[in-house]
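Next come the chains, spelled out residue by residue.
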Amino acid sequence: MDTEYTIDMIIQKILTDDKQYDLSKIITSYEFAAKAHEGQKRSSGQPYIIHPLAVAYILLELGMDTDTICAALLHDVVEDTPVTTEEVRKKFGQDVAMLVDGVTKLNQVPMFNKEEQQAENVRKMMLAMSQDIRVIIIKLADRLHNMRTLKFRPGIKQRNTAHETMNIYAPIAHRLGMRGIKEELEDLAFHYLDPFAYSEIEHILELKKKEREEFITSIKETIASRFRDQDFEKPPHIDGRVKSIYSIYKKMFVSHKSIEEIYDRYAVRIIVSTVGECYNALGLVHDMFRPIPNRFKDYISTPKANMYQSLHTTVLGKMGIPFEIQIRTWDMHATAEYGIAAHWKYKEGISHSDKMDQRLAWVRQVIEAQQTSDDVEEIVRIIKNDLAPEDIVVMTPMGDSVSLPVDSTVIDFAYRIHTQIGHKTVGAKIDGKLVPLDYKLKTGQICEIMTSNEPDKGPNRSWLNIARTNEAKSKIRSWFKKANREENIAVGKTALEKEFKHFKIRVPEDELEEFLGDDLKRHNCMTLEDFYASIGYGGIMLSKIMPRLQDKYKKLYRTDEEEKETAVIKPVRKSSGIILDKIEDCTVKFSQCCNPLPGDEIVGFITRGHGISVHTVNCTNYLAAVKRNDPEELARWMDVQWTDSEQTSLQTSIEVIALDRVGLVFDIAAVLTEARIPIIHSSSRKLKNGNALFEATMTIAGTDQLKSVVEKLKHIKGVVSVERART
Ligand code: MN
């Protein structure tokens, strides 16, 4: 991958491209940069100028404009040589200087700890993007070349860079719709983060390569011959696609698919001239092959959040081998492959301006959210959250589609429709049925929000725990930020005291400010009251700061005796023991008025923002409601039942040590998948003695299940030991 890029390659590419470039400006930029970097070397030992040339070449392939190419060639001169931005401006103009300046600023990140550095990095990136999106496109190309040549960097640097690439750069590329760059960044990062699993998947793909190619070729021919006598404007373009190594890995570990389900899944792409032809082509392929039910997705009428459009269907080919077919127009193809860069690549013929605007709207949203959150770590988490590639599409009663991240709730939906609708939400109906506010939406549902008529109606603080999107949380926070400071302080103080009590943290009043010292600083709070106020409006999340405070307390105050007493595994989610109308995953609380016990006949009341509160059927409050007979109020009472048993799920980690061999990771994954154990996180690496270490964090229903899985894992060929991790 570490090609010796030359200016000749760039010139050749420009001369064979039908796009117009200012060749002399590009050559002058090259000469200027080459002179400035003269004598400098990359870690690979190659002359430094190879790097800017490579970045320029990547951007040329994306179809970026002259100024972007010039800025790419010059992107490191201000940072690494005596050249100033002013000189660049005089020689190459305002635009190029601004782009170089933007990229340079992105690289100058103050040295905080690693997480803060990452958050700061992201903040800068978002700001740069909002000024000129080309800055981030150059930065992505820069990162891509650095990743391609990462093997020349020291080991620790490799891991950090790979980590940052996976967590920040690849998601941004995804959000900007740049598929090629995103997939290459992910695969390269994955290679360093989990080299063992990477080479294993690579190996298996290699084994099946010939078979796969033959299969795809025959499918392509079958489809092409059927299309030949049909009425298409131009012959459809058909090609086969190999899924990226990282996407296969993700499918295995996130969606718990077996190996067969993934590596035997082929993908074929059909590109046609018009939207109408897309649907014609779909009809034809469904006539040729048997479609698998529920696998058809129409992303043409409801595009994904990153503006991706296509028809997807999965059909059965020869010998019952399933494969996916994607059907799209050339226009959609450009957006799917190049994303925002398509704006420069195909200036004419495609209406990009609104797509551009929508993408930039997302950037603005993230920046706004950052301004209402004081917690620097929260920001990184938030951005990754909002970047999750899996989206759901929900409809308004008017038939408008709204796309949201997976696990979004009614609250997220309401705030997406309009800030005021969000604030005034009192309830919601899904497909006509009342649901609690923390109900998780699913694709295809119709969601209707019920709002209050009271003019001052505002959100409930508990919504911050219900909302999934950054957008909703930030709107809720800013409502409370504007609300009464005294109230925020009181609410924050009470909440912190409650957490302290829960975790048995006992700090004398007069030592509290000192105890919280660095946390005040970290969150830009001058006084303890500021700190309480921030907790009050949700700018500081207690769940984020408590682990650190517990550690601190342990170091400063706690005795050994107390430690023993509290050293228990923390349950992840305790099921409430309540089922209501098929909704199992909702917040349930037992009312104080009648204290229902298992076995009592019970009813549930949909509260405003606290999920369901459970009462006995004899409860005076319930009976009073029945007597009032107000239909609006009665609609909020619903049938609930006790579940048969109470289940507690624990999160636990295991470590498997085994002789390094091909197929090991798959065998382990197969055991866990078969036992239906959700894997939350996993990694593997080679140990010095040639063995391999596989670690997985997962949700376990109890010690019995853990024991049986450990036994099964021990029986896998080559496994030396299976231990529960001590952390
Ligand atoms: Mn660079």
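Residues numbered from 1 in each chain as written. Predicted model: local features only at pLDDT ≥ 70, side-chain atom pairs only at ≥ 80, totals over all residues. Heavy atoms only, no water.

**Things to note about the overall build of the protein**
In terms of regular secondary structure, the protein is built from 33 helices and 21 strands. Once local pairs closer than 6 in sequence are excluded, the contacts in the protein between residues at least 24 apart make up 69%. For the protein, the exposed area adds up to about 35,700 Å²; of that, 51% sits on carbon and sulfur atoms. (Helix = DSSP H or I, 4+ residues; strand = E, 2+ residues; numbered from the N terminus. Contact = heavy atoms within 4.5 Å. Areas by Shrake-Rupley, 256 points an atom, 1.4 Å probe, with all protein chains shown as cover.)

**What about the coordination of the manganese ion?**
Distances from the manganese ion to its protein donors, H51 (NE2), H75 (NE2), D76 (OD) and D142 (OD), fall within 2.2 to 2.6 Å. Donor residues for the manganese ion, ordered by position in the chain, follow H-x23-H-D-x65-D. Here D142 lies in helix α8 (residues 133–148) and H75 lies in the loop between α4 (66–73) and α5 (77–80), a separation of 67 residues in the sequence. Exposure remark for D142: the relative accessible area of 4% places this residue in the buried category. (Donors = N, O, S within 2.8 Å, 3.2 Å for Na, K, Ca; no water. Buried < 20%, exposed > 50% of the residue type's maximum accessible area, 1.4 Å probe, protein only.)

**Re a negative patch on the surface**
A cluster of acidic residues, E509, D510, E511 and E514, forms a negative patch at the surface. Along the chain, D510 falls in the loop between α24 (485–502) and α25 (512–515). Take D510: its relative accessible area is 69%, and that puts it in the exposed class. (Patch = residues over 30% accessible without salt bridge, like charges linked within 9 Å, V, L, I, M, F, W, Y side chains within 5 Å. Salt bridge = Lys/Arg side-chain N within 4 Å of Asp/Glu carboxyl O. Lys, Arg positive; Asp, Glu negative; His and termini not counted. Charge placed at Lys NZ, Arg CZ, Asp CG, Glu CD.)

**What about the nonpolar core?**
Residues L59 and I137 are the most contacted members of the largest nonpolar core, which totals 81 residues. The two domains that each donate at least three residues to this core are domain 1 (7–195) and domain 2 (201–346). Other than its neighbours up to four places away in sequence, I137 contacts L59, L62, M64, M178, I340 and W344. (Core = buried A, V, L, I, M, F, W, Y, C linked by side-chain atoms within 4.5 Å. Domains from an automatic or database assignment.)

**What to know about the packing of aromatic side chains**
Under the counting rule described, the total for this entry stands at 14 aromatic pairs. An angle of 80° between the planes, with centres 5.5 Å apart, marks the rings of F32 and F92 as edge-to-face. A residue pair is termed long-range when its members are at least 10 positions apart, and F32 in helix α2 (residues 23–36) and F92 in helix α6 (residues 85–107) qualify at 60 residues. In this structure F32 comes out as buried when scored by relative accessible area, which is 17%. (Phe/Tyr/Trp six-rings, centres within 6.5 Å; stacked < 30°, edge-to-face > 60°.)

**Focus: the environment of N621**
Position of N621 relative to the elements: it lies in helix α30 (residues 620–628). Between the C-alpha atoms of N621 and C593, which are 28 residues apart in sequence, the distance is 7.9 Å. Once you skip the residues sitting within four places of it in the chain, N621 turns out to touch C593 and W637.

**Regarding the packing of helix α1 (residues 7–16) against α2**
One can describe the packing of α1 onto α2 by two numbers: an axis separation of 11 Å at closest approach and a directional angle of 170°. Between α1 and α2, the crossing angle belongs to the class labelled roughly antiparallel. Across the interface between the two elements, I7, I10, I11, I14 and L15 from α1 touch L23, I26, I27 and Y30 from α2. Taken together, the residues of the contact of α1 with α2 sort by class into nine nonpolar, no polar and no charged. (Axes fitted to C-alpha atoms, helices over the stretch in contact; angles between N-to-C directions. Parallel < 35°, antiparallel > 145°, perpendicular 65-115°, else oblique. Nonpolar A, V, L, I, M, F, W, Y, C, P; charged D, E, K, R; others polar.)

**What to know about unusual backbone geometry**
The phi dihedral of D407 falls on the positive side, at around 75°, and the residue is not glycine. The residue D407 is located in the loop between β8 (401–405) and α20 (410–417) in this model. The backbone phi angle of D431 is positive, close to 45°, even though this residue is not glycine. With respect to the helices, strands and loops of the structure, D431 is situated in the loop between β9 (425–430) and β10 (433–435).

**Quick word on the packing of α6 against α8**
Where α6 meets α8, the axes come as close as 9 Å, and the angle between the chain directions of the two elements is 55°. Here α8 runs oblique to α6, going by the angle between their axes. Handedness of the α6/α8 crossing: right-handed. Along its contact with α6, which presents D95, M98, L99, G102, V103, L106 and N107, the element α8 presents R134, V135, I136, I138 and K139. Along the lines of polarity and charge, the residues of the contact of α6 with α8 split into seven nonpolar, two polar and three charged. (Left-handed = near helix turned anticlockwise from the far one by under 90°.)

**Looking at the sheet that holds β9**
The three strands lie next to each other as β10-β9-β11, forming an open sheet whose pairing is antiparallel. Of all the strands in the sheet, the pair left with one neighbour each is β10 and β11 (447–451). Ignoring strand direction, the axes of neighbouring strands in this sheet form an average angle of 35°. Sheet topology note: the β9/β10 ladder contains three bridges and is antiparallel. Opposite I430, over in β10, you have K433 as the bridge partner. Packing of α20 onto the sheet brings it into contact with β9, β10 and β11, and relative to β11 it is tilted by some 80°. (Pairing = 2+ DSSP bridges.)

**Some remarks on the confidence of the model for the protein**
Overall, the prediction assigns the protein a mean pLDDT of 79, with 81% of residues at 70 or greater. In the predicted structure, residues 580–585 sits below a pLDDT of 50 and forms 12 contacts with residues beyond four places in sequence or in another chain. (pLDDT = per-residue confidence, 0-100.)

**Topic: helix α15 (residues 275–288)**
In a regular helix each residue adds 1.5 Å, so 14 residues correspond to 20 Å; α15 covers 20 Å between its end C-alpha atoms and thus fits that length. Taken together, the buried positions of α15 are E277, C278, A281, L282, L284 and V285. For α15, the angular spread of buried residues about the axis comes to 165°, placing them on one side. Summarising the contacts, the buried residues of α15 are in contact with α12 (209–228), β2 (266–272), β5 (311–316) and β6 (322–329). (Expected span 1.5 Å × (residues − 1). Arc of directions from axis to C-beta.)

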